[in-house]
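Below, each chain spelled out in residue letters.
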Amino acid sequence: MTSTVHLEIPASGAYLAVARAAATGLAAQLQFTYEEIDDLRIAVDEACTQLLARRGSATTLNVAYRLEDAELRVDVSIEAPDSSRPPLARDTFAWQILSAMTDEVREQSEAGRLWLSFRKVGGRG
Amino acid sequence: MAELPQGGRTRVSEVPNAGRVHQGPEASGNGTTPLDGRTVDRGHAKDLFRRFVETRNPALREELVGLHLPLVEYLARRFRNRGEPLEDLVQVGTIGLLKAIDRFDLDREVEFSTYATPTIVGELKRHFRDKGWAVRVPRRLQELNLSLNKVVAELSQEIGRSPTVAEIATKARLPEEEVLEGLDTSNAYAVVSLDAPAGGEDAPAVSEHIGVEDESLEALEYRAALGPLIAGLPERERRILYLRFFGGMTQSQIAARLGISQMHVSRLLNRTLAVLREGLLQDEETG
């Protein structure tokens, strides 16, 4: 069974704590371990920060959390006039952080929106 | 010489030159120069440093300060949107610059600007924290955090892996909600303790060389602002960064390898990332 939680926050670093707290609470429900939760929080921070850095005139940041069995998928997106440039290049330190903290990272840009998504499987100790 | 401060903090009043050398933002007002320290004549700076290290002549020190003031201004500007006049921030940053100048070791194979950046940023952050602008953690949460640290460490030992929130709650006899609150606090706490003396809990292993690991970091085309920040991190922090993000080791594995607790690794990792991210958003906001 899949449950989804949608979060819409102002496009400001001051609200990252909310995105992080939501991820923490949801991961706890999925029986993630303390370390897995810490990794997840780092990934959420990183993905949000990277998109905020591209925010332009965007005023909101969207975060969707999809819970599935022992897996949490997080899709972060922001409106961006310049969606021709990918949200995050793969040769960046940020991409490396996201890859190391999660099981899969994806980026996408389409129709004036930038996306960073990742998947993390929990409960593996 | 190259040692990081072992506890104890230099207050403003102990730095007699701080006020005098401050020239205000207009001092660099040629407008067109990129104020990131790259404009510093490195040969000249090196020469000055050599003479300063030998003589400790205050005049040379002042000259070094003047030379690197653009770097301070560049970094201070990142904090501008927090409601403090830029010139005050430059003054605070200059204290960091002075500390960096006094501690800089020519034998270190890093550029001075690279070495000084974390110290200056640290001074600015401390300024906001001391004024109560940064996150403050209420005592109750600090205590909660301490007791959770203990429980997590014990449980990890007992079950041989990182515990879940439910397991921590049972052991600590706390509702899960409170454990979650504690988790959130641990991060805020990491931010608050950002400026704790680097030599605090266990001093960085300055002798350990991590050349190979550095190459992996440098192979990445990270933002210009990130390069100096990573290079300027204490070795242990850099090492943890490398082991976690490039070496594929878990926090527990790193903890075992470095002989510190997993929670401690978590704190160091989080606070290092906080430093690295600082530039990213501030730059966007202030242009």
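Here the residue numbers are simple positions, counted from 1 along each chain's written sequence. Going through the entries in the order they are written, you letter the chains from A and number the ligands from 1. Side-chain atom pairs in this predicted model are given and counted only at pLDDT of 80 or more, local residue features only at pLDDT of at least 70, and totals for whole chains, interfaces and linings cover all residues.

**Concerning the overall build of chain B**
Convention followed: Only runs of H or I of at least four residues qualify as helices and only runs of E of at least two qualify as strands under DSSP, and these elements are numbered from the N terminus. Buried residues are those with 20 or more other C-beta atoms within 10 Å of their own C-beta, exposed residues have 12 or fewer, and partly exposed residues lie in between; C-beta atoms are placed from the backbone. We call two residues in contact whenever the C-beta atoms placed from their backbones are within 7 Å.
What chain B contains, in helices and strands, is 13 helices and 0 strands. In chain B, the order of α-helices and β-strands from amino to carboxyl end is α-α-α-α-α-α-α-α-α-α-α-α-α. With 287 residues in all, chain B has 37% of them scored as buried. Here the contacts in chain B between residues at least 6 apart in sequence split such that 73% fall between residues at least 24 apart.

**Examining the overall build of chain A**
Scanning chain A from terminus to terminus reveals 3 helices and 5 strands. Reading chain A from its N end, one meets helices and strands in the order β-α-α-β-β-α-β-β. Put simply, chain A has 125 residues, and 50% of those count as buried. Partitioning the intrachain contacts of chain A with sequence separation of at least 6 by distance along the chain shows that 67% fall at a separation of at least 24.

**Notes on the sheet that holds strand E3 (residues 71–79) of chain A**
Residues and elements named next belong to chain A. Selection criterion: Only strands that DSSP links by at least two bridges are regarded as paired with each other. Helix axes use the C-alpha atoms of the stretch in contact, all axes being lines fitted to C-alpha atoms, and the angles between their N-to-C directions lie in the range 0 to 180 degrees.
As summarised here, the arrangement of the 5 strands in space is E1-E2-E3-E5-E4, forming an open sheet in which the pairing is antiparallel. Pairing within the sheet leaves two strands with one partner each, and these edge strands are strand E1 (2–10) and strand E4 (104–110). Here the strands of the sheet are splayed against their neighbours by 15° on average, with no regard to which way each runs. Inspection of the sheet shows E1 paired to strand E2 (residues 60–68) by 9 bridges, in the antiparallel sense.

**Side note on the interface of chain A and chain B**
Rules: Think of it as three bins: nonpolar holds Ala, Val, Leu, Ile, Met, Phe, Trp, Tyr, Cys and Pro, charged holds Asp, Glu, Lys and Arg, and polar takes everything else, Gly as well.
Contacts between the two partners involve 26 residues from chain A, matched on the other side by 31 residues from chain B. Every element with two or more residues in the side of chain A that touches chain B is listed here: helix H1 (16–29), helix H2 (34–52) and helix H3 (93–101) of chain A. Top contributing element to the side of chain A that touches chain B by residue count: H2 of chain A, with 9 residues. The residue inventory of the side of chain A that touches chain B, partitioned by class, reads 11 nonpolar, 9 polar and 6 charged.

**A few points about the pairing of E3 of chain A**
Residues and elements named next belong to chain A. Most of E3 is tucked away, with 7 of its 9 residues classed as buried. The sheet contact formed by E2 and E3 spans 8 bridges and is antiparallel. Across the sheet, Leu61 pairs through a bridge with Ile78, a residue of E3. In this antiparallel pair of consecutive strands, E2 and E3, the connection spans 2 residues, and Asp69 shows a positive phi of 45°.

**What about the environment of Phe49 of chain B?**
Residue and element names in this part refer to chain B. Relative to the helices and strands, Phe49 is located in helix H2 (residues 42–55). For Phe49, a count of 18 C-beta atoms within 10 Å puts it in the partly exposed group. In sequence terms Phe49 and Leu64 are 15 residues apart; their C-alpha atoms lie 7.6 Å from each other. Not counting the four nearest positions on each side in its chain, Phe49 is found in contact with Leu64, Phe104, Leu106 and Phe112.

**Comments concerning helix H4 (residues 86–103) of chain B**
Rules: By definition here, a helix of n residues has an expected span of 1.5 Å times n minus one.
With 18 residues, H4 of chain B extends 26 Å between its outermost C-alpha atoms, agreeing within 8% with the 26 Å of an ideal straight helix rising 1.5 Å per residue. Buried within H4 of chain B we find Leu89, Val90, Gln91, Val92, Gly93, Thr94, Ile95, Gly96, Leu97, Leu98, Ala100 and Ile101 of chain B.

**Describing the nonpolar core**
For soluble globular proteins, the rule of thumb is that nonpolar side chains tend to be buried together. To keep it simple, the criterion reads: As used here, a nonpolar core is made of buried Ala, Val, Leu, Ile, Met, Phe, Trp, Tyr and Cys residues. They are joined through C-beta atoms within 7 Å.
Ala27, Ala47, Cys48, Leu51, Val74 and Leu98 of chain A together with Ile168 of chain B are the most contacted members of the largest nonpolar core, which totals 61 residues. Leaving out residues up to four positions away in the same chain, Leu51 of chain A has contacts with Leu61, Val76, Ile78, Pro87, Leu114 and Leu116 of chain A. Counting 29 residues, the second-largest nonpolar core is a separate cluster that includes Ala76, Phe79, Leu98 and Phe104 of chain B.

**Side note on the environment of His68 of chain B**
For His68 of chain B, the position within the fold is in helix H3 (residues 58–77). Look at His68 of chain B and you get buried, because 22 C-beta atoms sit within 10 Å.

**Thoughts on the packing of H1 of chain A against H2 of chain A**
Helix-helix packing is characterised by the crossing angle of the two axes and by the distance between the axes. All names here are of chain A. Stated formally: Helix crossings get a hand from a simple test, with the near helix turned counterclockwise from the far one by less than a right angle marking a left-handed crossing and a clockwise turn marking a right-handed one.
It is at 9 Å that the axes of H1 and H2 come closest, and there the two elements cross at 145°. At the point where H1 passes H2, the crossing takes the right-handed sense. Each of Leu16, Ala19, Arg20, Ala23, Thr24, Ala27 and Ala28 in H1 lies in contact with H2, whose residues at this interface are Glu36, Ile37, Leu40, Arg41, Val44, Asp45 and Cys48. Across the contact of H1 with H2, the residue classes break down as 9 nonpolar, 1 polar and 4 charged.

Distances and angles like these do not, on their own, reveal function.
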